[in-house]
Amino acid sequence: MTDLHRIGLSMMGAPGAGKSTYLLALYAALSRGVRDCTLHEADRNADVMLADGWRDLGERGRLPEPTDTVPRRHTFVYAREMRPMAHIHWADYRGGALPSFVGPDGSPDAEQLLWDVAQAHGIMLVLDGEHFRKPVGPGRREAVARETLTQQMSSVVTDALTARNREGRPLPSVSIVITKADVIDWRGTDAPRRLTDLVEELRDLLPAAFAKRVVTAICPVSVGALERTADGGVRPDSVSPTDVHLPVLFHLACFYLEERKGLDARMEVLAADRAAARREAAALPPVPGRATRRAHERIALRLQEMDRAEHAMKQWRELCQAEAAAIFPMLRYVPIYEGGVLATWAGTGRG
Amino acid sequence: MAEARTGRPGWAPVVYGRTRHADTWWRALPEGIDQRGWLEGVVRAAVAGGAGLHGAPRFVLARSGAHRLVGVACQAADLSDTMHSDGAREMYCFVGWVASGGPSGPPPPGPAWPQLRDSYRSWAGAVYERWMDPVWTAPLSELRWPRRSRPEPAPWPAPPPRPFSAAPPPAGAEVVPPPGWEQTWDEANDAVHPITVVLGWESMPRGAHPAGLGTVRLGVVGAPARLAPVPAPAPVPVPAPVASRPALPPRPAPPPQAPRPRPAGGTNRLVPALVGGGGLLGAVAVTVLAVGLSASGGDATGETPAPTPSPTPSATTPAPPAPVQVTVPRRGWLTLSPAPAPVADGGDVGYRNRQLFAAESSVLVMTPGAGATRERCRGLVAGRRAALSFRATPGTGFCLKTATGLAALVVDTVRDGAVTVRVTAWPL
């Protein structure tokens, strides 16, 4: 438990886009488990509150309380095949934090949001599917951008990406989560919407998500139609979370992939260091003496430390490799883009 | 020592609630008060992300050094028939009033709690309508900053003059069941020291209260006694690693990165923090954990209880110590050494404002029954934090640990001027 990976996910979206509702549905789905993957709140009371929120939504149709200026923070334990793998740190901010001022007269939660995004391993951009019922052509683009806050999102994401590029840090993975996707007519006979068309519209709205080296998934999700009954409740068969787990699994897979790459790079550095140490040992004078012996001992110690470090790195690398390999097949119907191009390496996008 | 009641007149409105179109929350702030700091801490703690406000408003009376805040956190529909929803979700809000002290005296007292409870819809409703109506449909660009409010006459009748209590209330947080709410409210109205009272919780709030709220009193409907156990935030058990899989060595440390500046006031993303908007718990959790522990025989918190020593065989069993009745006057102390007795100063447990509170070096734990044994007390106080305070009510039992001794206390009678307790003391 103490040595799990710590993964930060940051979520942005306009007020009413469905961020809090999505979180409830995600938790409901993954706390039950999806294909050996589970998520549990580390705090039992928070676990109960999330479950209560989902029940209120499913039984009475009561949407979660609007988030105020205090973000709701969660620490989830991600486990696969009953093995705890990572802590996921998640904060649910009000939509209004995104377009708020920062600084002495600004909103503290707006500063926290920017800080979270700057540090996150994964960024989730939440867009209300209501805006995508119809094609978002040039005539509607500005209005949709205004209402979904994609302009502010692009600005924040661009800032995070440029800062990380400048500092040589790994880029965060990005998911564009289209909530209420059940309202979009995907299969109708009368001009059904196609996911590929939606992706093209998103390119125009959120170009930063399709920038060079950025890995982005497009994830339409739904909690169901939530059809009302006469007594004010919700029809049980209209509560049907669909694909809500995919964005999180995508970010996890990307995290493990990136972590593996980082370990590969560090092992290369380690190999170079080891070679240098061996050269240093070989260069020592052949005449035995106290100074030479001590130098040999120092180098031997360094090599031992390097061996231990390499051993640890290899094991963690194998774990990351195995996790990424286990998760990516679950994403086979999710369109994933790298640098704006369909990422064939992910084996996805066939749906 | 009583304080003269000559504070600056007038109460400036505070309104915290979002509009139909703009997801910004501070609508009205008194002039001269920053939205960051004490006021924000109190309001956030009372609102708690809107949790549990349906049909259950929460009433706030808080005192900082120079200001007093009276208000209510409730559903916006309680205050307005038209401005309570963004079209999909019901809104919640906080409406209150701040009075400020000055060179001429402290801030005036607020209304009695029954008055506020019965009249908050009209009093707070008028303020809500007045401040929200002009901006309800305004665009975000016009609502980035709160408007400033000025002191105005309070909507409640002037309370009869009462002396202020210069005595600081016992520090820490306490849960108060409904019968004690009015008294707690009155005590906060009399206090000159920082105190925050929030009445009306349907269940125990979660999270830690922000720093700077002073003494905290939480009125919880479901509190069965003076103190209610709080479920400790226990981690959800996670599956243990599969045994056949070799344990991984410690994860290699990440490569060093240049430190990045943190935003002022921000919190570390990787530090688990509050859920649900920040409740008022913190110190309460510390206080009530002891009760939870005692009620469950020592494992309510998930912590390992201190081992109870097995009785040592001995040829002769000493007679159990007889309880001693001790009357401790108000502001006085009870000491265990050399024998249980009242002292004026420097004792182990103090009595003030109908509260028993432990000295800094003592541990005081409430017991579910009145007849705790030595072993029971030893187990209960082990590992507990020092300096807790409890409301003294007749029949309540406590365990006390001091530097030199252990004792079981049972409260016999409680008066404003003195408390009488039966003390059974043992050496450590």
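Being a predicted model, the structure only gives us computed values, none of them experimental.

What counts, and at which threshold
- Residues numbered from 1 in each chain as written.
- Chains lettered and ligands numbered in written order.
- Predicted model: local features only at pLDDT ≥ 70, side-chain atom pairs only at ≥ 80, totals over all residues.
- Heavy atoms only, no water.
- Salt bridge = Lys/Arg side-chain N within 4 Å of Asp/Glu carboxyl O.
- Helix = DSSP H or I, 4+ residues; strand = E, 2+ residues; numbered from the N terminus.
- Buried < 20%, exposed > 50% of the residue type's maximum accessible area, 1.4 Å probe, protein only.
- Phe/Tyr/Trp six-rings, centres within 6.5 Å; stacked < 30°, edge-to-face > 60°.
- Lys NZ or Arg CZ within 6 Å of the ring centre and 35° of its normal.
- Domains from an automatic or database assignment.
- Pairing = 2+ DSSP bridges.
- Axes fitted to C-alpha atoms, helices over the stretch in contact; angles between N-to-C directions.
- Contact = heavy atoms within 4.5 Å.
- Buried area = accessible area lost by both parts, 1.4 Å probe.

### Considering the pattern of salt bridges
All names here are of chain A. Tallied over the entire structure, the rule returns 31 salt bridges over all chains. Here R55 ties to D52 by a salt bridge, and the two come within 2.5 Å at their closest N and O atoms. In this pair, R55 and D52 both sit in helix α2 (residues 44-60), 3 residues apart, roughly one turn of the helix. Judged by relative accessible area, which is 42%, R55 ranks as partly exposed. Look at D52 and you get partly exposed, because its relative accessible area is 30%.

### Brief notes about the packing of aromatic side chains
For the coordinates displayed, the defined rule picks out 15 aromatic pairs over all chains. Geometrically, the ring pair formed by Y16(B) and W25(B) is tilted, given 5.4 Å between the ring centres and 35 degrees between the ring planes. Between the aromatic rings of W333(B) and F357(B), the centroid separation amounts to 5.4 Å while the plane-to-plane angle is 75 degrees, which identifies the pairing as edge-to-face. Taken as a pair, W333(B) in strand β11 (residues 333-335) and F357(B) in strand β14 (residues 355-358) lie far apart in primary sequence, 24 residues in all. Taking relative accessible area as the criterion, W333(B) reaches 15% and is therefore assigned buried. By the ring-pair criterion, three or more aromatic residues cluster together here, those being W11(B), W97(B), W123(B) and W156(B). We note R117(B) situated over the ring of W113(B); from NZ or CZ to the ring centre the distance is 4.7 Å. Looking at R144(B), its charged tip hangs above the ring of F101(A), at a distance of 4.8 Å from the centre.

### Looking at the domain arrangement of chain B
Taken domain by domain, chain B consists of domain 1 (12-223) and domain 2 (324-427). Between domain 1 of chain B and domain 2 of chain B, the C-alpha centre-to-centre distance is 35 Å.

### Notes on the sheet that holds strand β4 (residues 67-75) of chain B
Residue and element names in this part refer to chain B. Overall, mixed pairing links the 9 strands, which are arranged β6-β2-β1-β5-β4-β3-β8-β9-β7 in an open sheet. Since the sheet does not close on itself, it has two edges, and those belong to β6 (147-149) and β7 (173-176), each with one partner. Strand-to-strand twist in this sheet, taken as the mean axis angle between neighbours without regard to direction, amounts to 20 degrees. In this structure, strand β3 (residues 58-63) lies alongside β4, joined through 6 bridges in antiparallel fashion. The residue of β4 that forms the bridge with R58 is A73. Against the sheet, helix α1 (residues 38-47) engages β1 (12-16), β2 (26-30), β3, β4, β5 (92-100) and β8 (195-201), with an angle of about 30 degrees to β4. Docked against the sheet, helix α3 (residues 181-190) engages β3, β4, β7, β8 and β9 (215-220), running at close to 155 degrees with respect to β8.

### What to know about unusual backbone geometry
Residues and elements named next belong to chain A. The residue M82 is not glycine, and still its phi comes out positive at about 65 degrees. Located in the positive-phi region is R213, a residue other than glycine, with phi close to 70 degrees. By secondary structure assignment, the location of R213 is in the loop between α6 (195-205) and β7 (215-220). We classify R213 as partly exposed; its relative accessible area is 47%.

### Some words on the domain arrangement of chain A
Residue and element names in this part refer to chain A. Per the domain assignment, the segments making up chain A are domain 1 (5-257) and domain 2 (258-331). For domain 1 versus domain 2, the distance between C-alpha centres works out to 40 Å. Listed by partner, the interface residues are 17 residues for domain 1 and 15 residues for domain 2. Between domain 1 and domain 2, roughly 1,500 Å² of surface is buried when both sides are summed, and carbon and sulfur atoms account for 69% of that area. The three residues of domain 1 that bury the most area against domain 2 are H5, Y256 and L257, which together make up 40% of that side's buried surface.

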